[in-house]
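Below, each chain spelled out in residue letters.
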Amino acid sequence: MTRRRAAGVAAVFILAALGAACSSASTSTAQSGTDSRGLGGSLTVSTASSLGPAFQEVLVQFTDDNPQASVELNVASSTALALQIEQGAQADVFASADTAAMDVLARGGHLHGASEPFARNRMTIVTKPGNPLRIRSVEDLQRADVVAECVETAPCGRYAARVLTRADVTIDEGTVTRELDAAATLGAVTNGDADAAIVYVTDARAANAKVTRVPISAENNVEAVYPIAVVAGTSERRLATAFVTFVQSPAGQAILARFGFLPAQ
Amino acid sequence: MVAAGLAFAFIALPLIGLLSEVAWSRLWHDLTTTEAAAALRLSLVCSLAAAALAFALGVPLAWVLARFEFPGRAAVRALTLLPMVLPPVVGGVGLLYAFGRTGFVGARLDEWFGIHLTFSTAGVILAETFVALPFLVITVEAAFRGLDRDLEDAAATLGASRRTVMRRVTLPVAGPAIAAGVALAWARALGEFGATITFAGNIQGRTRTVPLAVYLFLQSDPEVAIALSLVLVAVSVGVLTALRGRWLVR
């Protein structure tokens, strides 16, 4: 009996503590707005897989400038992210690896204002370090036992398909492992046993010595355009807009350039 | 009472959600598309092979765990059951570093036999066996423990060799439990996703099993994804129904 009462008392205390935590959280949101130290509030940024590492850095600088703001990245394939937003998932900003995923949201009325391009990227072949199969071109991928590509629905998969079409090369689907996003596709070579992969130049750069890069000739390569937009359903419109502005600012662009992205032009 | 109702609803609602989205009239068409059929065929082959492998390896292990006292038995049992609670993707990473081309076992296999398990159908079977084996071991071990030792002793007194006792007495008596263990292992193997995609990749007709196809189709053709999901639900319900006497009534 006494034990049960003790448990009851403990429960009351826990509830009280939770209540206090909740109310303090809501006060801090209530204070959000401009002061000398920037904007407050919390943002969820749906981030294309290939942007993950660069946006991690963008996040650090943005929250340095706005110490009262907290930003979370939700990193996945742009197609998966767009699907999530369509289904009403919590997101304030969407940074996509291609315009197709963004257009789906624009058509569905899920964006606040228009999206704007903020970076460009290109594709490259990567192989196991030292390139044991001596892959020199897109055509040589036909000789590999296993080639990693993104699923056709993800932007990186669409870009890879376009590279193959431009080079007029068909790879037997029975030798292609389809990974869910750009990071996983690179991982199939760096951690897995895939012989080669078609990935973003930025991802290949970040992998450093874990892969050997085999450039795709200019006439076969494609240009990946990255658009960014504020999501219509956001409750943090000012902060979301500020984040988008920061990505496009010289400071944001400098970070992206450091990770190998090309300017949007 | 309310909590119990909520718990049941929590489990039932996703199933209802899935069923409400099924395009029944196009179900057969969806399941016989080239990609879906390839995934179904591959899943059937791999899960049956994994169940057979789990049987061949799991029954002896269950027997040793049930019948022999040896130092570290508790640790061996705990380790055997680990894949039941381990995130499958972690299992896949472990398999990669053991059986991958540069893994400590995989490198030998490559060097001596030229065998590559990663990105192969054999790799899928390996990953599925890894996650399914504990289900068989735990079921069969319990049966061996609960077995009436007098039966075996009687057979031995009547002059039966150890092997004959095993074949004619122990295995038949434990038969239903072994069948249940195999069924559970098979169902678990059929649903395997994380370890498979991590270790064996996602190659059409080679390693793209039904769960991988479901995940893939969800982005391109949700109707096919739902049709394939329905097959997995049907199999799960079928296995549970078959095990009804063992689990549901008691």
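Per chain, the residues get numbers from 1 upward, laid out in the order the sequence is written. As they are written, the chains are lettered A onward and the ligands numbered 1 onward, keeping that order. Only residues with pLDDT of 70 or above have their local features reported here, since the model is predicted, and side-chain atom pairs are shown and tallied only from 80 upward, although totals for entire chains, interfaces and linings are computed over all residues.

Take the overall build of chain A next. By the criteria applied, helices consist of DSSP H or I runs no shorter than four residues and strands consist of E runs no shorter than two, each listed in order from the N terminus. Regarding its fold elements, chain A presents 9 helices and 9 strands. Within chain A, the fraction of its 265 residues that count as buried is 45%. Put simply, of all contacts in chain A between residues at least 6 apart along the chain, 77% involve residues at least 24 apart. Three classes are used. A residue is buried when 20 or more other C-beta atoms lie within 10 Å of its own, exposed when 12 or fewer do, and partly exposed in between, with C-beta atoms placed from the backbone. In this description, a residue-residue contact is defined by the distance between C-beta atoms placed from the backbone, which must lie within 7 Å.

Looking now at helix H5 (residues 88-99) of chain B. All names here are of chain B. Take the residue count of a helix, subtract one, and multiply by 1.5 Å to get its expected span. With 12 residues, H5 extends 16 Å from end C-alpha to end C-alpha; this agrees with the ideal 16 Å at 1.5 Å per step. Along H5, the residues that are buried comprise Pro88, Gly91, Gly92, Leu95, Leu96 and Phe99. The arc that holds every buried residue of H5, seen down its axis, measures 145°, which confines them to one face. Buried residues along H5 sit against helix H4 (73-85), helix H6 (106-113), helix H7 (121-146) and helix H10 (194-199). Note that the arc is computed from the directions linking the helix axis to the C-beta atoms.

Glancing now at the interface of chain B and chain A. In this complex, chain B contributes 15 residues to the contact, which on the side of chain A involves 18 residues. Among the elements that line the side of chain B that touches chain A, the one with the most residues is helix H11 (residues 210-220) of chain B, at 3 residues. The residue inventory of the side of chain B that touches chain A, partitioned by class, reads 4 nonpolar, 9 polar and 2 charged. Residue polarity is assigned by list, with Asp, Glu, Lys and Arg as charged and Ala, Val, Leu, Ile, Met, Phe, Trp, Tyr, Cys and Pro as nonpolar; anything else, Gly included, falls into the polar class.

All names here are of chain B. For Ala183, the location among the structural elements is in helix H9 (residues 162-190). Considering only alpha carbons, one finds Ala183 and Ala200, 17 residues apart in sequence, at a separation of 23 Å. Leave out the neighbours within four places in its chain, and Ala183 touches Val239, Ala242 and Leu243.

Once that is clear, we can look at the environment of Thr79 of chain A. Structurally, Thr79 of chain A is set in helix H3 (residues 78-86). On the neighbour-count criterion, Thr79 of chain A (28 C-beta atoms within 10 Å) is buried. Expressed as a C-alpha distance, the spacing of Thr79 of chain A and Ala251 of chain A, which sit 172 residues apart in the sequence, is 28 Å. If we ignore the near neighbours within four places in the chain, the residues touching Thr79 of chain A are Ala101, Thr153 and Ala154 of chain A together with Gln219 of chain B.

Right, let's get into the confidence of the model for chain A. All names here are of chain A. Per-residue confidence from the predictor is given as pLDDT, running between 0 and 100. On average, chain A scores 85 in pLDDT, and the residues at 70 or more come to 86%. By mean pLDDT, the top-scoring element of chain A is strand E3 (residues 93-95) (96), and the lowest-scoring one is helix H1 (residues 2-30) (42). Every residue in residues 1-35 scores below 50 in pLDDT, and together they form 9 contacts with partners more than four places removed in sequence or on other chains.

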